[in-house]
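# What the coordinates show
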Amino acid sequence: VAEGAARSARLGLRVLELQTAFRAQLRRVGELVYATHSGNPTDSATLQAALERADALREELEVCRRSLAELRGVVACDMCGAENSAGSGRCARCGQPLCR
């Protein structure tokens, strides 16, 4: 039980870290796009790298969220992220069918 709680706490912390990093990366992408709009064009390779980093962070975040939900005995909705009881067929928040 203690090991599961510790793993859950570590995953929860990792989710928070990834959320922060993802938001920061999206902010960076926005800055690069706005710089281009403002007349200071961003190199396309730089923008592509920033977008790929955002994609990688989002993917890792989703993996951690699913793992955390599994440890908690719930199913996270792929559409809105809401936690639902494991036996639910649809998300209680958005109605999306739940994958198991």
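Residues numbered from 1 in each chain as written. Predicted model: local features only at pLDDT ≥ 70, side-chain atom pairs only at ≥ 80, totals over all residues. Heavy atoms only, no water.

### Regarding the pattern of salt bridges
Two side chains carrying opposite charge are able to pair once their charged atoms lie near each other. Applying the stated criterion across every chain, the model contains 5 salt bridges. The partner of R65 in a salt bridge is E62, and the shortest N-O contact between them spans 2.9 Å. You can see R65 and its partner E62 sitting in helix α2 (residues 44–72), 3 residues apart, about one turn around the helix. A relative accessible area of 30% means that R65 is categorised as partly exposed. Across the pair E83 and R72 runs a salt bridge, and its minimum N-O distance is 2.9 Å. With E83 in strand β2 (residues 83–85) and R72 in helix α2, this residue pair connects regions lying 11 residues apart in the sequence. Residue E83 is classed as partly exposed on the basis of its relative accessible area, which comes to 43%. Residues joined by salt bridges that share partners form a network here, namely R14, E17 and E60. (Salt bridge = Lys/Arg side-chain N within 4 Å of Asp/Glu carboxyl O. Helix = DSSP H or I, 4+ residues; strand = E, 2+ residues; numbered from the N terminus. Buried < 20%, exposed > 50% of the residue type's maximum accessible area, 1.4 Å probe, protein only.)

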